[in-house]
Each structure stands twice: as C-alpha cells, then as structure tokens.
Amino acid sequence: MIKIFRPFTIRAKTRRLAHFFRAAILVFAVGITIAAGISTPFTPNTGPSLLILGDSITWGTEYFAKSQKLIALDAQWTNIVIDGQYSRRVAFPTPNASTKYSGVKTFKKLSDSGLHADAVIIALGSNDVALETKESVYELIIRDLLDTVGNVPVTWLTVNRRDTPAIAKRSILFNQVLVRVASEYPNLVIEDWYSVVAKRTKFMAFDKIHLTPSGYQARAKLHQRLARELFDRHIIATTPTTTTTTSTTVPTTVPVTTVPATTIPPAPSDTSPTTTPAP
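Reading the values: the criteria
- Residues numbered from 1 in each chain as written.
- Predicted model: local features only at pLDDT ≥ 70, side-chain atom pairs only at ≥ 80, totals over all residues.
- Heavy atoms only, no water.
- Helix = DSSP H or I, 4+ residues; strand = E, 2+ residues; numbered from the N terminus.
- Buried < 20%, exposed > 50% of the residue type's maximum accessible area, 1.4 Å probe, protein only.
- Contact = heavy atoms within 4.5 Å.
- Core = buried A, V, L, I, M, F, W, Y, C linked by side-chain atoms within 4.5 Å.
- Pairing = 2+ DSSP bridges.
- Salt bridge = Lys/Arg side-chain N within 4 Å of Asp/Glu carboxyl O.

Regarding the environment of A123
So, step 1. Turning to its location among the elements, A123 is positioned in strand β4 (residues 119-123).
So, step 2. Taking relative accessible area as the criterion, A123 reaches 5% and is therefore assigned buried.
So, step 3. In the structure, A123 is positioned 68 residues away from D55 in sequence and 7.0 Å away in space, judged by C-alpha atoms.
So, step 4. Apart from residues no more than four positions distant in its own chain, A123 is found in contact with L53, G54, D55, T58 and R219.

Put into structure tokens, the structure is as follows:
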C-alpha cells in the first residue's frame, strides 16, 4: 500500500521539528549559563570602580549581551567588574566555607584583591528563594550583604523566579522584605526587575529562571542605565560642599532616595520548601 502524506501533516511535523530545535538551543544556552561563572579583570587599587555582583543571570548577561562593553561605552567607570556565578546566594544563614557561592564572601574576596567598589549593582536572591523559606532569613542575609558593602551607592534588582508556584510566591516575599529593609539604608535604591519581566514574558526562558536572548539584551541595557545613575550618585556622594558660615570644606554624603517596588504583589501565605535546583 502506498501512503499519501497530506500537506498539512508535513507542515505539522515541520513545526514540531522547528519547536524542538528552538527548545534545544535554549537548553544549550541555559546549560552554558549555569555551568560556569565569570569575574572580569580589574586594575587593583584604582577607581572609580563599579561592581555588578550576581548569579548565573548576571553571568548570562555578560556572556550573551556583553554588558561590560556596553557600560564602558559611557567612559565613566575605570573598573567595571562583573562577577556572576551559578547557584550563588546572597549569603549563608549558617556557617559555610564556600566563597564563590556567597555574595558576602565574594565581595570580601574582591576587596582583599584590591577592588574598592565605589558603587555596586546587586543581582542576587534567586537561589536563596529556592532554598530558604523564612522571611527572617531573607532579612538576615540582605542586611549581611548591605552591611558588608558599606556606605556606597547600591542598586539591588528584585527577584523574578517562577519555576514552581511556591518559589514564585517566595520571590514576592523576598522582594517585600528587600523593600522594607531598604528604608534603613539611604544608600540603597531598588530596581523592580520583577515587574519588568512580568510585563514582558518573552524575556523569560522556558525554565522560568533564566532569560531568553532578548531578555539578556534588555538586562544588559538595564545594567548600562543603572551604571550611569550610580556614577551620578557616586559623584554627588563624594563631592565636597562648602558651608556659608565658615571657610572649611565639609565633605557631605548626600542620602539617596530609595525607590520602592510598588508593583510587587501582596505577600504570599505559602512558603513550603522545595528541592528545585538553583540557577
């Protein structure tokens, strides 16, 4: 018997194959992102210096979208250090010997190596919400990193991880804690990345953790904008001002207004633990 293949059957198979190959490319891209880390080189004891401290998403933004080169086009920062590591957390609530997987320990290591960060973009929290469930722990680790960074301009990107319903709710909770803690740190500004991705789902990869190529491009452009804003804040914070009553020049640190992520949804009630692998 001779089989007759109808045109619509062939087109359906072609579409399935195309979908398969697109998915395979995304898997490969995400696999590269989570399988490595990066810390771009810098000249020790020179400045001004910008540090972007993050996890695999930060690594992917540099690998796929070259965010360091984009920031360098503005010719403001002498050092632009991008340090991203898969599975990196903000900090460990219990003692842990790992350095590269802790934002706090990584910052200290970079400082010991001669990087005096004049401003910091923090892009951490995604791995913490995958492993930790308590609001008190989120507050502890956020404070730990902010206290370690010190009184320099900081911008922290909100978390957007949706690979399970429980983790998605904990992402919201983490962001709410971040907003609350920010009121005590005048050097901190919050950038609401969560809402950006919520409005543009095409930015999120199929694993609901990492980004698509267009998502990484958008993230790189965001890094560039935040780098410009941080440079302005750095200049304001370090420029001396002269009082009118005396001839003495008094250095003044100008507080920076914290921008709350007002579009973050209400706090979730479900904070059940999960064993989902972290990015």
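Topic: the nonpolar core
So, step 1. Counting residues in hydrophobic clusters, the biggest one holds 37 residues, and the most contacted among them are L51, V120, L145, L146, W156 and F174.
So, step 2. Those elements giving two or more residues to this core turn out to be β2 (49-54), α4 (103-112), β4, α5 (126-131), α6 (135-149), β5 (154-157), α7 (165-182) and β6 (188-191).
So, step 3. Counting 22 residues, the second-largest nonpolar core is a separate cluster that includes A65, M204, A220 and F231.

Describing unusual backbone geometry
So, step 1. For the peptide bond that leads from G47 to P48, omega is 0°, which places it in the cis range.
So, step 2. Here P48 shows up in the loop between β1 (37-39) and β2.
So, step 3. One non-glycine residue, N45, lies in positive phi territory at about 60°.
So, step 4. As for its placement among the helices and strands, N45 is situated in the loop between β1 and β2.

Quick notes on the pairing of β2
So, step 1. The element β2 is largely enclosed, with a buried count of 6 among its 6 residues.
So, step 2. Side chains S49, L51 and L53 of β2 all project onto a buried face; the interleaved residues L50, I52 and G54 project onto the opposite face, where all are buried too.
So, step 3. Here β2 runs beside strand β3 (residues 79-85); their pairing, made up of 6 bridges, is parallel. The residue of β3 that forms the bridge with G54 is G84.
So, step 4. Across 5 bridges, the pairing between β2 and β4 is parallel. Paired with I52 across the bridge in β4 is I121.

Overview of the pattern of salt bridges
So, step 1. Under the counting rule described, the total for this entry stands at 11 salt bridges.
So, step 2. The shortest N-O distance in the salt bridge between R89 and E132 comes to 2.7 Å. Taken as a pair, R89 in the loop between β3 and α4 and E132 in the loop between α5 and α6 lie far apart in primary sequence, 43 residues in all.
So, step 3. R89 sits in the buried class, given a relative accessible area of 10%.
So, step 4. Taking relative accessible area as the criterion, E132 reaches 18% and is therefore assigned buried.
So, step 5. Where E139 meets R180, a salt bridge forms, and the shortest distance between an N and an O atom there is 2.9 Å. With E139 in helix α6 and R180 in helix α7, this pair connects stretches of sequence that are 41 residues apart.
So, step 6. Taking relative accessible area as the criterion, R180 reaches 38% and is therefore assigned partly exposed.
So, step 7. It is possible to trace a salt-bridge network through shared partners that takes in E135, E139, R143, R180 and E184.

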